[in-house]
Amino acid sequence: MRAVDIIQKKRDGLELTSQEIQWLIEGYTAGTVPDYQMSAFAMAVYFKGMTTREISDLTMTMVGTGQQFDLSEIAGVKVDKHSTGGVGDKVTLVLVPLVASFGVPVAKMSGRGLGHTGGTIDKLESIKGFQVERSQEEFIQQVQDIELSVIGQSDQLVRADKLLYALRDVTATVDTIPLIASSVMSKKIAAGADSILLDVTVGEGAFMKNLADARRLAQTMVDLGKAVGRKTTAVITDMSQPLGTSIGNRLEILEALAILQGQGREDITVFICELAQIMLSLADVEKTAEEVRQHLTDGSALEKFEAMIAAQGGDLEDLYRPSSAAYVLEVTADQDGYITELPAMEFGLFAMRLGAGRAVKTDSLDYETGLVFEKKVGDRVRAGQVLAKIYANQKISQELVTDFKKNVKISNEAVKVSEIIEIIA
Ligand code: URA
């Protein structure tokens with residue numbers, strides 16, 4: 001076989017055979033198919049798409065390019081969760097200890113942030129001493145001991161995705177359903193959980209910009225999971241504005257702690273409790289919204305979170321440390337009205353300018369910087385009231401404040417917001 005023929009076939013909109021997909025992906029992982037041919041292939045997929053059978057073959061071939069975790073030693077139904085990416089998305093930090101506090105084992109591998117999106121692993125690494133690299137044995141042992149571990153994706157897992165994702169990131173081929181579905185599901189299948197909750201974000205700050213595409217991605221991934229015997233549910237969630245009140249690594253840890261103590265903003269608290277109900281149900285544990293919420297107010301979820309931080313070497317005093325950013329500036333509203341737009345992408349990029357995110361994989365992060373919103377879409381605001389606080393380690397220029405305000409839309413009419421748009425099971 002020749003890579004050029006496979007690229008040409010896809011470029012012309014034809015369906016590839018299982019053997020062709022396998023040959024290409026295995027060759028790429030082994031280094032015999034070069035980056036430039038894989039880039040051309042990814043672009044051909046971007047424009048021509050893939051059939052359900054091709055996506056399934058691509059996913060399962062990718063699973064085979066690395067280690068597969070065997071979690072069978074852990075008793076009970078192991079649940080996992082994955083988000084297709086967002087701004088201010090600290091859901092995992094609250095959701096997984098909340099679910100684990102009901103005795104359901106959660107063994108989760110998370111990623112790092114890139115571009116306007118944040119990553120759970122970066123947020124956890126803002127806690128002094130916290131270790132994200134664990135062997136399979138340590139990971140399993142910890143889940144057996146305390147029902148919870150969140151680690152970085154092992155280098156040995158789905159090696160094709162490591163290479164391909166980095167390539168897609170610099171060739172404008174990330175936001176295409178076949179490549180996102182195979183990337184996410186290959187990792188989830190290889191990570192070994194029995195049940196999977198997928199959070200498919202939609203809107204201005206997400207890879208899927210409209211509901212029709214988000215539905216197609218969600219359905220594709222649910223079908224892939226079910227086809228290999230994993231109980232899989234997807235929720236389509238709004239990413240037109242940042243999630244919760246903060247963007248930035250330490251700031252998001254602090255918001256997660258507030259939610260874990262029952263003191264978070266109501267909308268994100270309700271949202272996470274709904275996700276927890278779905279995730280528990282994927283492990284055959286049925287709980288009411290009140291029962292789930294109780295674990296935020298009675299300290300059970302927080303206790304699990306602290307247990308995980310301690311088990312992975314994190315310093316529990318440092319966990320509660322406020323941001324040490326040298327400059328904190330309040331941005332105030334210029335007029336009365338209702339907030340109607342806080343574009344997630346723009347504020348993700350804004351936080352990146354402050355050092356909270358990386359433009360390229362090799363950039364280092366400033367864990368202390370970012371944004372804390374006092375007002376979100378739907379909220380009423382009066383002129384002079386604080387909209388948000390900017391946390392920076394460099395003097396905050398007037399230009400930065402102007403850029404911030406440019407992105408906040410205030411009007412006389414209130415708008416309704418809803419975090420969960422649809423559930424696909
Ligand atoms: N998240 C992933 O893991 N892969 C993608 O392709 C997009 C989001």
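An unreviewed UniProt entry lists the chain under the name Pyrimidine-nucleoside phosphorylase, with Streptococcus panodentis as the source organism. Quoted verbatim from the Subunit (unreviewed entry) heading of the UniProt record, the comment on the chain is "Homodimer." Regarding the chain, the relevant UniProt record gives this comment under Sequence similarities (unreviewed entry): "Belongs to the thymidine/pyrimidine-nucleoside phosphorylase family."

(A) The arrangement of the sheet that holds strand β6 (residues 246-247) in detail. The four strands lie next to each other as β6-β9-β11-β7, forming an open sheet whose pairing is antiparallel. The two strands at the open ends of the sheet, each matched to only one other strand, are β6 and β7 (327-332). Pairing of β7 with strand β11 (residues 386-392), which is carried by six bridges, proceeds in the antiparallel orientation. Note on β11: the bridge partner recorded for L329 is I390. Against the sheet, helix α17 (residues 398-406) engages β7, β9 (370-373) and β11, with an angle of about 45° to β7.

(B) Layout of the site of the ligand. In the vicinity of the ligand, the contacting residues are H82, T84, Y165, R168, I180, S183, V184, K187 and F207. Take H82: an N or O atom from its side chain is 3.4 Å from an oxygen atom of the ligand. The separation between a nitrogen atom of the ligand and a polar side-chain atom of S183 is 2.7 Å. Protein chains shield 92% of the accessible area of the ligand, which is 240 Å² for the free molecule. Among the elements of the structure, α8 (159-169) and α9 (177-191) are those that each provide at least two residues to the shell around the ligand. Here the shell around the ligand takes four residues from α9, the largest share from any one element. In terms of residue class, the shell around the ligand is built from four nonpolar, three polar and two charged.

(C) Up close: helix α16 (residues 344-353). Listed as buried for α16 are A344, M345, F347, G348, F350 and A351. The inward-facing, buried residues of α16 contact β6, β9, β11 and α17. Just downstream of α16, G355 is the residue with a positive phi angle, here 105°.

(D) Structural view of helix α5 (residues 91-100). Summarising burial for α5: ten of the ten residues are buried, a large majority. Buried within α5 are the following residues: V91, T92, L93, V94, L95, V96, P97, L98, V99 and A100.

(E) Summary view of the pattern of salt bridges. Tallied over the entire structure, the rule returns 30 salt bridges. A salt bridge links K10 to E54; the nearest nitrogen and oxygen atoms lie 3.1 Å apart. Of this pair, K10 sits in helix α1 (residues 3-11) while E54 sits in helix α4 (residues 52-63), and the two are 44 residues apart along the sequence.

(F) Just the UniProt feature "domain: Pyrimidine nucleoside phosphorylase C-terminal" (unreviewed entry) in the chain, in detail. As annotated in UniProt, the feature "domain: Pyrimidine nucleoside phosphorylase C-terminal" (unreviewed entry) corresponds to residues 338-411 in the numbering used here. Between the C-alpha atoms that bound residues 338-411 there is a distance of 5 Å. The span itself is 26% helix and 27% strand.

(G) Expanded view of the environment of R2. With respect to the secondary-structure elements, R2 resides in the segment before α1. Spatially, the C-alpha atom of R2 lies 33 Å from that of G192, the residues being 190 residues apart in sequence. Of the polar contacts made by the side chain of R2, one reaches the side chain of D5; its length is 3.0 Å.

(H) Highlighting the sheet that holds strand β10 (residues 380-381). Pairing in this open sheet of three strands is antiparallel, and the strands run β10-β8-β12 from one edge to the other. Sheet topology places β10 and β12 (409-411) at the edges, where each strand pairs with a single neighbour. Where strand β8 (residues 337-341) and β12 come together, three bridges link them in antiparallel fashion. What sits directly across from E341, in β12, is K409.

(I) The packing of aromatic side chains, seen in detail. Per the counting criterion, the structure on display carries seven aromatic pairs. On the numbers, 5.2 Å between centres and 80° between planes, the contact of Y46 with F47 is edge-to-face. The exposure class assigned to F47 is exposed, which follows from its relative accessible area of 62%. Judged by centre distance (5.6 Å) and plane angle (80°), the ring pair of F350 and F404 falls under edge-to-face. Placement of F350 in helix α16 and of F404 in helix α17 is noted, with a sequence separation of 54 residues between them. In this structure, F350 and F404 share a single accessibility class: buried. Here the aromatic residues F347, F350, F373 and F404 are joined through ring pairs into a cluster of three or more. Sitting over the ring of Y165, K187 keeps its end group 5.9 Å from the ring centre. Between the NZ or CZ atom of R380 and the centre of the ring of Y338, over which it lies, the distance is 5.3 Å.

Cut-offs used in this document
- Residues numbered from 1 in each chain as written.
- Predicted model: local features only at pLDDT ≥ 70, side-chain atom pairs only at ≥ 80, totals over all residues.
- Heavy atoms only, no water.
- UniProt positions renumbered as here; feature names shortened; annotations may be inferred.
- Pairing = 2+ DSSP bridges.
- Helix = DSSP H or I, 4+ residues; strand = E, 2+ residues; numbered from the N terminus.
- Contact = heavy atoms within 4.5 Å.
- Axes fitted to C-alpha atoms, helices over the stretch in contact; angles between N-to-C directions.
- Near = heavy atom within 4 Å.
- Polar contact = N/O pair within 3.5 Å; in protein donor to acceptor, adjacent residues only side chain to side chain.
- Areas by Shrake-Rupley, 256 points an atom, 1.4 Å probe, with all protein chains shown as cover.
- Nonpolar A, V, L, I, M, F, W, Y, C, P; charged D, E, K, R; others polar.
- Buried < 20%, exposed > 50% of the residue type's maximum accessible area, 1.4 Å probe, protein only.
- Salt bridge = Lys/Arg side-chain N within 4 Å of Asp/Glu carboxyl O.
- Phe/Tyr/Trp six-rings, centres within 6.5 Å; stacked < 30°, edge-to-face > 60°.
- Lys NZ or Arg CZ within 6 Å of the ring centre and 35° of its normal.

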